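The chain contents come next:
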Amino acid sequence: MKVRDFLLERYFAKYEFTVEHMLSPSDCETMGMEDLLSGSDSEVLDLWRNLKLSYTEARGHPLLLKEIASRTGVTSEEVLEINPEEGIFLTMNALLDQDDHAVILSPSYQSLYEIPKSLGCEVTRWYLKKENGSWRLDIPFLEGAVRENTRLVVLNFPHNPTGFLPSLDELTEVLDFCAKKGIFVFSDEMYRGLEYDSEKRLPSVPELYKKSAALGGLSKTYGLPGLRTGWITSRDPWLLDRVASLKDYTTICASAPSEILAIAALRRGDELAGRCRAIVIENLHRARKFFLDRSDRFEWFEPRGGSTAFPRLLGNQSVKDFCENAVKERSLMILPDFVFDVDWNHFRIGMGRKNFPEALEVLGEFLEG
Ligand SMILES: Cc1ncc(COP(=O)(O)O)c(C=O)c1O
């Protein structure tokens, strides 16, 4: 398999642990292991104390599968524990063959289109539209893009990097169209639970449409990326079995300590997600004000969920140079849009961490020169 470098991950690998300030991470404020365990129930604490570092059950710890199922509207049998990035890789491998066509909501986290491409598929990127300072879904484009050989539509709501979230009516329209055409849907739901208005939270796609798989995980909404724990849910038993078989060639089974900590996290899931959401919302107010106050230099696009937003740099300077200079002059990492394979002079900001206000202040100083 030949696959291009993952531009975003290479950019993070270069700067994440060397710069002083990060304006663009997509994960949310993490917590210490002691904090996680100290608030856990006695069953979880017993599991932790008696933990053996053996291989684990390939599908995932039964108690973890149960917690995931209760949050995603499927049964435990319809869940497979995976590492999130692995979930994209394996599900695409299970679903797609050479010469299939896939339509990918874009701009997009690269693996969502790069893995299909590496499998020899044709890929159409379905871009969100900009409208009056926010983002919009272009459903007629999707309808026009579908061909005889279209096997897959890839969704990602709340969306990285724009923070876009459609209405339930819009999502239903997309799924009804896919049902009519017999197309499978892969729904990346890594940011589900970070909607700013909880009433706008969408059902997980497998609850609405059988021919689908959803990806979720602990990295963003729950602030625990170091556990490397996620899940694929699907009401299609063939697909889940196939992904489970492919997992024998990647990780085989999950890390034993991570599984128990993941059970601890999901049993306190509402509390953990609520904490991350509160941080994002507070930072969003600051970010909106910062960028709107500087409307001669930036165009602000309002997000509706997730931890990221995707403003535009105005003027003649390329965003790539802008970001490079920020690293050089202020040790401030900002993520330019080329890592999403677009050239729109946008950049991502990440509002999930408590130190976001400091990073924003450093950006302010950088702008003043
Ligand atoms: C949309 C999306 N999907 C999947 C992932 C992968 O998650 P993880 O880094 O926990 O493997 C990310 C990470 O940034 C993401 O933004």
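Definitions and limits used
- Counting restarts for each chain: residues are numbered from 1 in the order of the written sequence.
- Under the rules for a predicted model, residues below a pLDDT of 70 receive no local features and side-chain atom pairs below 80 are neither given nor counted, while totals for whole chains, interfaces and linings still include all residues.
- As a convention, hydrogens and water are excluded, and side-chain values are obtained from all of the structure's heavy atoms.
- Think of it in three bands: with a 1.4 Å probe and only protein chains considered, a residue is buried below 20% of the maximum accessible area for its type, exposed above 50%, and partly exposed in between.
- Numbering goes from the N terminus for both helices and strands, where a helix is a DSSP run of H or I of at least four residues and a strand is a run of E of at least two.
- To be clear, the arc concerns the directions from the helix axis to the C-beta atoms.
- Residues are treated as being in contact if the distance between any of their heavy atoms lies within 4.5 Å.
- A 3.5 Å cut-off defines polar contacts: any pair of N or O atoms within that distance qualifies, except that in protein one atom must be a possible hydrogen donor and the other a possible acceptor, and neighbouring residues in sequence count only when both atoms are side-chain atoms.
- The rule is simple: put a 1 Å grid over the protein atoms alone, call a set of points where a 1.4 Å probe fits but cannot get out a cavity, call an open set with protein on both sides within 12 Å along at least five of seven lines a pocket, and count a residue as lining if it has an atom within 4 Å of a point.
- Grid points are joined across faces, edges and corners, and a volume is the space filled by probe spheres set on the points.
- To be near a molecule or strand, a residue needs just one of its heavy atoms within 4 Å of it.
- In short, Shrake-Rupley with a 1.4 Å probe defines the accessible areas, and a residue's cover is counted only from the protein chains shown.
- For a molecule to be placed in a cavity or pocket, more than half of its atoms must lie within 2 Å of the grid points of that cavity or pocket.
- In this classification, Asp, Glu, Lys and Arg are treated as charged, Ala, Val, Leu, Ile, Met, Phe, Trp, Tyr, Cys and Pro as nonpolar, and every other residue, Gly included, as polar.
- Here a patch means residues that are over 30% exposed by relative accessible area and free of salt bridges, tied together within 9 Å if like-charged and within 5 Å if nonpolar (Val, Leu, Ile, Met, Phe, Trp, Tyr).
- One speaks of a salt bridge when a side-chain nitrogen belonging to Lys or Arg is within 4 Å of a carboxyl oxygen belonging to Asp or Glu.
- We score Asp and Glu as negative and Lys and Arg as positive, and we do not count His or the chain ends.
- One atom stands in for each charge, and that atom is NZ of Lys, CZ of Arg, CG of Asp or CD of Glu.
- Among buried residues, those of type Ala, Val, Leu, Ile, Met, Phe, Trp, Tyr and Cys that are joined through side-chain atoms within 4.5 Å constitute a nonpolar core.
- The source of the domain bounds is an automatic or database domain assignment.

**What to know about helix 10 (residues 237-247)**
In an α-helix there are 3.6 residues to a turn, and that puts residues three or four apart on one side. Inspection of helix 10 places Leu239, Leu240, Val243, Ala244, Leu246 and Lys247 among the buried residues, and these make up the whole buried set. The buried residues of helix 10 occupy one face: seen down the axis, they fall within an arc of 165°. Looking at the buried residues of helix 10, the elements they touch are strand 2 (79-82), helix 5 (84-95), strand 8 (184-188), strand 9 (212-217) and strand 10 (230-234). At the N-terminal end of helix 10, a side-chain oxygen is found 3.0 Å from the backbone nitrogen of Trp238, two or three residues along, and the residue is Asp236.

**Focus: unusual backbone geometry**
In this model, Phe157 is joined to Pro158 through a cis peptide bond whose omega is -15°. For the peptide bond that leads from Asn160 to Pro161, omega is 15°, which places it in the cis range. Mapping Pro161 onto the fold places it in the loop between strand 7 (150-156) and helix 8 (168-181). Phi is positive for Ser331, which is not a glycine, with a value near 50°. You will see that Asp341, though not glycine, has its phi angle at about 60°, which is positive. Checked against the element boundaries, Asp341 lands in the loop between strand 15 (335-336) and strand 16 (347-350). Relative accessible area serves as the criterion here: at 28%, Asp341 is assigned to the partly exposed category.

**Looking at the layout of surface pockets**
To locate leftover empty space, one rolls a probe as large as a water molecule over the atoms. In this model, the largest pocket occupies a volume close to 590 Å³. In terms of lining residues, the largest pocket is bounded by 26 residues, among which Glu9, Ser26, Tyr109, Lys220 and Arg228 are the most central. Listed by contribution, the elements that provide at least two residues to the lining of the largest pocket are helix 1 (7-15) and helix 5. Counting residues per element, the lining of the largest pocket draws most heavily on helix 1, which supplies four residues.

**A closer look at the site of the ligand**
Near the ligand there are 14 residues, and of these Asp188, Tyr191, Ser219, Lys220 and Arg228 occur at the shortest range. In this structure, a nitrogen atom belonging to the ligand sits 2.5 Å away from a side-chain N or O atom of Asp188. One of the side-chain nitrogen or oxygen atoms of Tyr191 is found 2.7 Å away from an oxygen atom of the ligand. Contact with the protein chains hides 93% of the accessible area of the ligand, taken as 390 Å² for the molecule alone. Structurally, the ligand is housed in the largest pocket. Per element, the largest residue contribution to the shell around the ligand is three residues, and it comes from helix 5. Of the residues contributing to the shell around the ligand, the split by class is five nonpolar, five polar and four charged.

**Concerning a negative patch on the surface**
A cluster of acidic residues, Glu143, Asp169, Glu173 and Asp176, forms a negative patch at the surface. If one sorts the elements of the negative patch by residue count, helix 8 sits on top with three residues. Position of Asp176 among the secondary structure elements: in helix 8.

**Brief notes about the nonpolar core**
The biggest cluster of nonpolar side chains holds 100 residues, and the ones touching the most others in it are Met92, Phe186, Phe291, Phe322, Ile349 and Leu363. Per-element tally for this core: the top contributor is helix 14 (residues 356-368), with seven residues. Among the domains, domain 1 (7-32 + 270-368) and domain 2 (52-268) are the pair contributing at least three residues each to this core.

**Looking at the pattern of salt bridges**
The full count for this structure, using the stated rule, is 20 salt bridges. In this structure, Asp341 and Arg4 form a salt bridge, with 2.5 Å as the shortest nitrogen-oxygen distance. Note that Asp341 is positioned in the loop between strand 15 and strand 16 and Arg4 in the segment before helix 1, a separation of 337 residues in sequence. Classification of Arg4 as partly exposed rests on a relative accessible area of 40%. A salt bridge links Glu271 to Arg268; the nearest nitrogen and oxygen atoms lie 2.7 Å apart. On the basis of relative accessibility, which here comes to 47%, the residue Glu271 falls in the partly exposed class. The class for Arg268 is buried, based on a relative accessible area of 13%. What emerges from the salt-bridge pattern is a single network uniting Asp41, Glu43, Glu67 and Arg267.

**Re the domain arrangement of the chain**
For the chain, the domain assignment lists domain 1 (7-32 + 270-368) and domain 2 (52-268). Between domain 1 and domain 2, the contact holds 38 residues from the first and 39 residues from the second. Linking domain 1 with domain 2 are two salt bridges, by the criterion used here. Where Asp270 meets Arg71, a salt bridge forms, and the shortest distance between an N and an O atom there is 3.2 Å. Counting across the interface, domain 1 meets domain 2 through 22 residue pairs in polar contact (both at pLDDT 80 or more). At the level of elements, helix 1, helix 12 (269-293) and strand 12 (308-309) are the ones that each hand at least two residues to the side of domain 1 that touches domain 2. Here the side of domain 1 that touches domain 2 gets nine residues from one element, more than from any other, and that element is helix 12. Across the side of domain 1 that touches domain 2, the residue classes tally to 20 nonpolar, seven polar and eleven charged.

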